[in-house]
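# Close look at the chain arrangement
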Amino acid sequence: MIHDRIRRARVLKGYTLEALAQRIGNITKQALSKFESGQTAPNSTRLLQLAKALELSPEYFFRADVVELAPLEFRKLAKMPKYRQEQVTERIREHLERYIALENCFEHADIDTPLTPSGMLAVSSFDEAEAAANQLRGHWQIGEDAIANLTELLEERGIKVAVLHGPDDFDGACAATQDGQHVLIALNAERPGERMRFTAAHELGHWVMKFPDDMSEKDIETCCHRFAGAFLYPSSCVTSDFGGHPRSRVHPRELLIAKQHYGLSMAAVLRRLKDLSLLSESGFKYSSIQFSKNGWRKEEPEALPPETPRRFESLVFWGLAEDIFSKSRAAEFLQQPLSALDPSLTGPLGIQ
């Protein structure tokens, strides 16, 4: 499997064969190609050189299993070059591999969270997508209150979350293993918090909703947008904040207040008003023009801080405290050098 690992590692880091050969310095791209195809096997020195050039632990090349992902469609990223799609896919796969390996270390501990089933809600229209968001809130028993931490909620429902430093044209993706036992929502770390939350809710929609086979990709995306808005900002809350009758204008401060309370962008709040027929078409167009004039399509006022997934890191330090694995293994899980672990927090607390 080493040859496949070498290829995956190169794709993971976004290098061509020639670029990687130049980073190593004393090897040709033809020789690297033979490693990747399995025609020749690298010796230990070469593996160390590869690991250093790719900024990976040598352990990466010896992982027992490769996680097989279900087909990953970059629905919103039609303009993303193929090689970058492959790079993002490998980043997701690599994170999921470490996550599953970490969970497997706790075979005698109860760390399981019930997995929310895929395609549990049949949806064939935009209004049904709105209803699906309400159904999921009911299924998860979270009422209609604002969701303080969406990432934490997802992790409690068996959905893994990863924040990746992806390319500019990557917002997020929902990836699952072929057997459907593990699902991960990957988000771009460079996005503001409100956009990350909306993307996470959008990808959640892709996971829980089942669409007709003949529904267009555009309509599926619109359904997931409608689901995300409704999940983060239920219609009853919208009417409570903006009134139950159509309006011709809204003040930007109203949108900002809703953003701060419910954790979605001012633009998404504006779209909720349009979807629920609480803002006239002319009012929506006027507000959209004002957004453009103010430059809010690129950067809105008072960006929210991004949410940070905690479960993965928590499991690492639980395992370290219980001597389930070594400190070097913990560093490998976290993709950090040993020296990066806080020296003041390296030992477990409590009775020794």
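Note that this is a predicted model, so its numbers are computed, not measured.

What counts and what doesn't
Residues numbered from 1 in each chain as written. Predicted model: local features only at pLDDT ≥ 70, side-chain atom pairs only at ≥ 80, totals over all residues. Heavy atoms only, no water. Buried < 20%, exposed > 50% of the residue type's maximum accessible area, 1.4 Å probe, protein only. Helix = DSSP H or I, 4+ residues; strand = E, 2+ residues; numbered from the N terminus. Contact = heavy atoms within 4.5 Å. Salt bridge = Lys/Arg side-chain N within 4 Å of Asp/Glu carboxyl O. Axes fitted to C-alpha atoms, helices over the stretch in contact; angles between N-to-C directions. Parallel < 35°, antiparallel > 145°, perpendicular 65-115°, else oblique. Nonpolar A, V, L, I, M, F, W, Y, C, P; charged D, E, K, R; others polar. Phe/Tyr/Trp six-rings, centres within 6.5 Å; stacked < 30°, edge-to-face > 60°. Pairing = 2+ DSSP bridges.

## Here's the deal with helix H14 (residues 311–321)
Of the positions making up H14, those classed as buried are Arg 311, Phe 312, Leu 315, Val 316, Gly 319 and Leu 320. Those residues of H14 that are buried lie in contact with helix H5 (82–104), helix H7 (150–156) and helix H15 (327–334). Of the residues one or two after H14, Asp 323 is the one with positive phi, at around 55°.

## What to know about unusual backbone geometry
Residue Gln 141 is not a glycine yet carries a positive backbone phi of 55°. Along the chain, the position of Gln 141 falls in the loop between helix H6 (126–139) and H7. Although it is not a glycine, Gln 335 adopts a positive phi angle of roughly 55°. Looking at Gln 335, the relative accessible area reads 34%, which means it is partly exposed.

## Section: the pattern of salt bridges
If you walk through the whole model with that rule in mind, you get 24 salt bridges. In this structure, Arg 7 and Asp 4 form a salt bridge, with 3.3 Å as the shortest nitrogen-oxygen distance. Of this pair, Arg 7 and Asp 4 are both found in helix H1 (residues 2–13), 3 residues apart, which corresponds to roughly one turn of the helix. Overall, Arg 7 belongs to the partly exposed group, its relative accessible area being 30%. Glu 103 serves as the salt-bridge partner of Arg 311, at 2.8 Å between the closest nitrogen and oxygen. A residue pair is termed long-range when its members are at least 10 positions apart, and Arg 311 in helix H14 and Glu 103 in helix H5 qualify at 208 residues. One exposure class covers both Arg 311 and Glu 103, and it is buried. Through salt bridges with shared partners, a single network forms among Asp 4, Arg 7, Arg 8, Glu 90 and Arg 93.

## Some words on the packing of helix H12 (residues 266–275) against helix H13 (residues 281–293)
For any two helices packed against each other, one specifies the crossing angle of their axes together with the interaxial distance. The contact between H12 and H13 brings their axes to 10 Å, and the two run at 170°. As judged from the angle between their axes, H12 and H13 are roughly antiparallel. Every residue of H13 that contacts H12 at Met 266, Ala 267, Leu 270, Arg 271 and Lys 274 is listed here: Glu 281, Phe 284, Ser 287, Ser 288 and Phe 291. Split into classes, the residues belonging to the contact of H12 with H13 amount to 5 nonpolar, 2 polar and 3 charged.

## Here we look at the packing of aromatic side chains
Under the criterion given, the structure shown has 8 aromatic pairs. Pairing Tyr 99 with Phe 312 gives two aromatic rings, centres 5.1 Å apart and planes at 70°, and the pair type is edge-to-face. A residue pair is termed long-range when its members are at least 10 positions apart, and Tyr 99 in helix H5 and Phe 312 in helix H14 qualify at 213 residues. Assigned by exposure class, Tyr 99 and Phe 312 land together as buried. Connected via pairs of aromatic rings, a cluster forms that spans Trp 140, Phe 227 and Phe 231.

## Considerations on the packing of helix H2 (residues 17–24) against helix H4 (residues 44–54)
Running from amino to carboxyl end, H2 crosses H4 at an angle of 105°, the nearest separation of the two axes being 9 Å. Our classification of the angle between H2 and H4 gives roughly perpendicular. Where H2 abuts H4, its residues Leu 20, Arg 23 and Ile 24 lie against Arg 46, Gln 49, Leu 50, Ala 53 and Leu 54. Among the residues making up the contact of H2 with H4, the classes are represented as 5 nonpolar, 1 polar and 2 charged.

## Re the sheet that holds strand S4 (residues 183–188)
Two strands in a sheet stick together by hydrogen bonds in their backbones, pointing the same way (parallel) or opposite ways (antiparallel). If you trace the 3 strands from one edge of the open sheet to the other, you get S2-S4-S3, paired in mixed fashion. Single-partner strands in this sheet number two, and they are strand S2 (160–164) and strand S3 (172–176). The mean angle between the axes of side-by-side strands here comes to 20°, regardless of whether they run parallel or antiparallel. This element, helix H8 (residues 193–208), spans S2, S3 and S4 of the sheet and lies at about 150° to S4.

## Looking at the pairing of S2
Counting buried residues along S2, 4 of its 5 residues qualify, which places the element largely inside the surrounding structure. Looking at chain direction, S2 and S4 are connected through 5 bridges and run parallel. Looking at S4, one finds that Ala 162 is bridged to Ala 186.

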